[in-house]
Amino acid sequence: MNDNNINKSIHCSVYSCAYNNREQGYCKLDSIKVGTHESNPTEKKCTDCESFMLGNCGSSTCG
Ligand code: SF4
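Let me begin by describing the structure that accompanies this report. The shown structure was predicted, so the numbers you read here are calculated from the model rather than taken from an experiment.

1. Some words on the overall build of the protein
Looking only at helices and strands, the protein features zero helices and five strands. From first element to last, N terminus to C terminus, the protein shows the α and β order β-β-β-β-β. Each of the 63 residues in the protein was classed as buried or not, and the buried ones make up 25%. Put simply, 24% of the contacts in the protein that link residues at least 6 apart link residues at least 24 apart. Surface accessibility of the protein: about 4,700 Å² in total, with carbon and sulfur atoms responsible for 46%.

2. Let's talk about the site of the ligand
Taken together, the residues surrounding the ligand are Ile10, Cys12, Val14, Cys17, Tyr19, Asn20, Cys27, Leu29, Ile32, Cys49, Ser51 and Phe52. Partitioning the shell around the ligand into residue classes produces 10 nonpolar, two polar and no charged.

3. Comments concerning the pattern of salt bridges
Taken as a whole and judged by the stated rule, the model has one salt bridge. Glu50 is the partner of Lys33 in a salt bridge, and the nearest nitrogen-oxygen pair spans 3.4 Å. With Lys33 in the loop between β3 (26-27) and β4 (34-36) and Glu50 in the segment after β5 (47-49), the pair connects residues that are 17 residues apart, well separated along the chain.

4. Examining the sheet that holds strand β2 (residues 20-21)
Across the sheet, which stays open at both edges, the three strands sit in the order β1-β3-β2 with antiparallel pairing between neighbours. Whereas interior strands pair on both sides, the edge strands pair on one side only; in this sheet they are β1 (7-11) and β2. Here β1 runs beside β3; their pairing, made up of two bridges, is antiparallel. Bridging across to β3, Asn7 finds its partner in Cys27.

5. What about the environment of Ile32?
With respect to the secondary-structure elements, Ile32 resides in the loop between β3 and β4. Using a relative accessible area of 31% as the deciding quantity, one classes Ile32 as partly exposed. With residues up to four places along the chain from it excluded, the contact list for Ile32 reads Ile10, Cys27, Cys49 and Ser51.

6. Section: a nonpolar patch on the surface
A cluster of nonpolar side chains, Val14, Phe52 and Leu54, forms an exposed patch at the surface whose accessible area comes to about 240 Å². Tracing the chain through its elements places Phe52 in the segment after β5.

Conventions and cut-offs
- Within each chain, residues carry numbers counting from 1 in the order of the written sequence.
- pLDDT decides what is reported in this predicted model: residues at 70 or higher carry local features, side-chain atom pairs at 80 or more are listed and counted, and totals for whole chains, interfaces and linings draw on all residues regardless.
- Side-chain measures here rest on the full set of heavy atoms in the structure, leaving out hydrogens and waters.
- Each helix is a run of DSSP H or I of at least 4 residues and each strand a run of E of at least 2, with the numbering of both proceeding from the N terminus.
- Only protein chains enter the area calculation, which uses a 1.4 Å probe; residues under 20% of their type maximum are buried, those over 50% are exposed, and those in between are partly exposed.
- We call two residues in contact when some of their heavy atoms are within 4.5 Å.
- The protein chains shown are the only cover counted for residues, whose accessible areas, like all others here, come from Shrake-Rupley with a 1.4 Å probe.
- Any residue with a non-hydrogen atom lying within 4 Å of a molecule or strand is treated as near it.
- When residue character is reported, Ala, Val, Leu, Ile, Met, Phe, Trp, Tyr, Cys and Pro are called nonpolar, Asp, Glu, Lys and Arg charged, and the others, Gly included, polar.
- When a carboxyl oxygen of Asp or Glu is within 4 Å of a side-chain nitrogen of Lys or Arg, the pair counts as a salt bridge.
- Criterion used throughout: strands pair if DSSP finds at least two bridges between them.
- Put simply, a patch holds well-exposed residues, over 30% relative accessible area, that have no salt bridge, with like charges counted together within 9 Å and Val, Leu, Ile, Met, Phe, Trp or Tyr side chains within 5 Å.

Given below as structure tokens:
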């Protein structure tokens, strides 16, 4: 992580993630792993951030 505790190379709006910086909309991790839950991904929605971890907002719908 950089001095500001965010990685400006990874923009992210998944505010329910424990690694998201809500104020600025960046990921706090040095790197992330992107994967897929499909056998033949053909659209954006087929991809997943596999580094996601639910934050402590107490709900899967926080954000
Ligand atoms: S780990 Fe993935 S979902 Fe979580 S803030 Fe980083 S890029 Fe977003």
